[in-house]
Amino acid sequence: MSGGSNRILKGFLEERWKGIRPVLWGTSLKEEELIESIYKGLFNLTAEEPGRPVGGEA
Amino acid sequence: MKRFDLIVIGTGLAGLTAARTAIGIGAKVLIVGRGMGALTLFGNTVDLLGEIPPATEMAEGITHWIAAHPEHPYARTGWEGIESAITAFRELFPPPYPFAASGRGNSLLPTGAGTMRPTWLTPVTMAAGAAMTPSETLIVGFRGFKDFQGDTVSLHLKCRGVVLSLPRYGLEGLTAPALARLMDETSFRERLGESIRQQMAGERFIGLPAVLGLRDPAAVLKTLETVTGARVFEIPMLPPSIPGTRIFHRFREELIAKGADFRMGHPVSGVMVKDGRCAGISIDNPPLVAEYRADRFILATGRFLGGGLWAEMDRIIEPVFDLPVFQPGERGQWFGERFFDPEAHPIHRAGVLTDADLRPVDAAGRVVLANVRAAGSILAHHQAIEEKSREGIDIATGFLAAKRALAS
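Rules behind the numbers
Residues numbered from 1 in each chain as written. Chains lettered and ligands numbered in written order. Predicted model: local features only at pLDDT ≥ 70, side-chain atom pairs only at ≥ 80, totals over all residues. Heavy atoms only, no water. Helix = DSSP H or I, 4+ residues; strand = E, 2+ residues; numbered from the N terminus. Buried < 20%, exposed > 50% of the residue type's maximum accessible area, 1.4 Å probe, protein only. Pairing = 2+ DSSP bridges. Axes fitted to C-alpha atoms, helices over the stretch in contact; angles between N-to-C directions. Contact = heavy atoms within 4.5 Å. Buried area = accessible area lost by both parts, 1.4 Å probe. Salt bridge = Lys/Arg side-chain N within 4 Å of Asp/Glu carboxyl O. Polar contact = N/O pair within 3.5 Å; in protein donor to acceptor, adjacent residues only side chain to side chain. Nonpolar A, V, L, I, M, F, W, Y, C, P; charged D, E, K, R; others polar. Phe/Tyr/Trp six-rings, centres within 6.5 Å; stacked < 30°, edge-to-face > 60°. Lys NZ or Arg CZ within 6 Å of the ring centre and 35° of its normal. Domains from an automatic or database assignment.

### Examining the environment of Ile7(B)
All names here are of chain B. With respect to the helices and strands, isoleucine 7 occurs in strand E1 (residues 3-9). Exposure remark for isoleucine 7: the relative accessible area of 0% places this residue in the buried category. A C-alpha to C-alpha distance of 29 Å links isoleucine 7 and arginine 215, two positions 208 residues apart in sequence.

### Some thoughts on the sheet that holds strand E7 (residues 137-142) of chain B
Residues and elements named next belong to chain B. Judged by pairing direction, the sheet is parallel, and its four strands sit side by side in the order E8-E7-E9-E10 without closing on themselves. Looking at strand neighbours, the two that pair on one side only are strand E8 (160-164) and strand E10 (231-235), the edges of this open sheet. Each adjacent strand pair in this sheet contributes to an overall mean axis angle of 25°, direction not counted. Here E7 pairs with E8 via five bridges, running parallel. Residue pairing in the sheet places glycine 141 in a bridge with valine 163 of E8.

### Points about the interface of chain A and chain B
Of the residues lining the interface, 39 residues belong to chain A; the matching set on chain B comes to 47 residues. Across the interface of chain A and chain B, roughly 3900 Å² is buried in total on both sides, 65% from carbon and sulfur atoms. Ionic pairing is found between Lys40(A) and Glu386(B), a salt bridge with its closest N-O pair at 3.7 Å. Linking chain A with chain B are 22 residue pairs in polar contact (both at pLDDT 80 or more), by the criterion used here. When contributions to the side of chain A that touches chain B are tallied by element, the ones reaching two or more residues are helix H1 (4-20), helix H2 (26-42) and strand E1 (56-57) of chain A. When its residues are assigned to classes, the side of chain A that touches chain B shows 17 nonpolar, 13 polar and nine charged.

### Concerning the packing of aromatic side chains
Taken as a whole and judged by the stated rule, the model has 11 aromatic pairs over all chains. Consider the rings of Tyr97(B) and Phe99(B), whose centres lie 5.8 Å apart with planes at 85°: the pair is edge-to-face. Each member of the aromatic cluster is reached from another via a ring pair, and the members are Trp17(A), Trp334(B), Phe335(B), Phe339(B) and Phe340(B). The side chain of Lys10(A) reaches across the aromatic face of Phe340(B), ending 5.9 Å from its centre. Positioned over the ring face of Phe339(B) is Lys40(A), at 4.5 Å from the centre of the ring.

### Quick look at the domain arrangement of chain B
Annotation of chain B at the domain level lists domain 1 (3-95 + 245-406) and domain 2 (127-235). Taken over C-alpha atoms, the centre of domain 1 of chain B sits 34 Å from the centre of domain 2 of chain B.

### Comments concerning the pattern of salt bridges
When the charged atoms of two side chains lie near each other, side chains of opposite charge can form a pair. Residue and element names in this part refer to chain B. Counted by the stated rule, this structure contains 23 salt bridges over all chains. Between glutamate 136 and arginine 204 there is a salt bridge whose closest N-O contact spans 2.8 Å. Here the residue glutamate 136 occupies a position in the loop between strand E6 (121-123) and E7, and arginine 204 occupies one in the loop between helix H7 (186-199) and strand E9 (205-209), the gap between them amounting to 68 residues. For glutamate 136, a relative accessible area of 24% translates into the label partly exposed. In this structure, arginine 250 and glutamate 254 form a salt bridge, with 3.7 Å as the shortest nitrogen-oxygen distance. Taken together, the residues span about one helical turn, with arginine 250 and glutamate 254 both in helix H9 (residues 242-257) at a distance of four residues. The exposure class of glutamate 254 is buried, given its relative accessible area of 16%. Taken together, the shared-partner salt bridges connect Arg250, Glu253, Glu254 and Lys258 into one network.

Structure, rendered in structure tokens:
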């Protein structure tokens, strides 16, 4: 169960990426930087890597 | 018209650091900013380089890392430059609200997503997070406070969690600034501490969202620790950031006390450039346009979110001086296939290229404007989000840019 809802969140972010990637410039690129700063930066969510030695999911 | 020794454009951590460094040398400084800067969104701890493993001593880890990354902003400052800049930063935060490293290397702190995240310096209100163990920790959330899901955090961290109805405010729609202001009231935090104590089952650590007051967070921490008998820590969470707002307020207080001029809330609308030098800037302050002149300028306007860079459909521009911007290929090459690609998206390496003095250069390496320097995340060839290096780059390059500017 651990990491369950973060897996759902990551799935959502991947789906969102498919739609937004073709139009990333201007203001949508600003928003993209905000999203990455939160989920990858602040929350340290990463691609699934079981047993990562540093940080990542508990 | 007022004339300044230095005008700093940007009120994020890089700009604030540059302004404070210059004031310390005795310069007459103007700092201008469109908004409050990224500190109030993401400021929490001071990251230097999260990818250095916690067991590695930081000076050694970064020195080796710089050797392998000669284009990175840290290669301009070196470890010595980082260390002096960080020492100066820490002097701005004496006890009771100091920033400190918990060991010789990075420590891991819990986040608002229930993950662990590496960082270097933590404010005293977060320090216990690096020492907590799941079985001895209680995570406390607040009913109606949607920016911090205490039950998700406790689930992922494998801790026990409770969601409290606050003594006075059990309603929907609580915000971080509202909670922080409540914490500033002694009676509120005493009652909160008592509510937490009643929920405890022998835990030695209490984790709360990072809202422990704006005015005197150390006093909030002390009250909660005294009432609960446990070590209390703040957990970084979604923007806006209360801990980052504290950093911003501390810098602003210091800069104003030392005589710096602040112009906030209005964009730079034009620059006066002549013979390869900048003579002044104009700021839109409707219905007026104000002009400010200086001998030197530091550009610390951030990346896309802060407005330091702007992406058109096929190229990236720097809007204030129209500086040359390094960009990784065409737009199709800016991003990876997946959001969570193992490598950072190439666009994050885009930015302003500089010489060793942090003066912007063109693709051939020629200095563009002799009296302008760039600092902070606008610089090319870092990946601050993935590297976890945002504050380190801001502090080290802001410090270096001011030293070099005033030496010329």
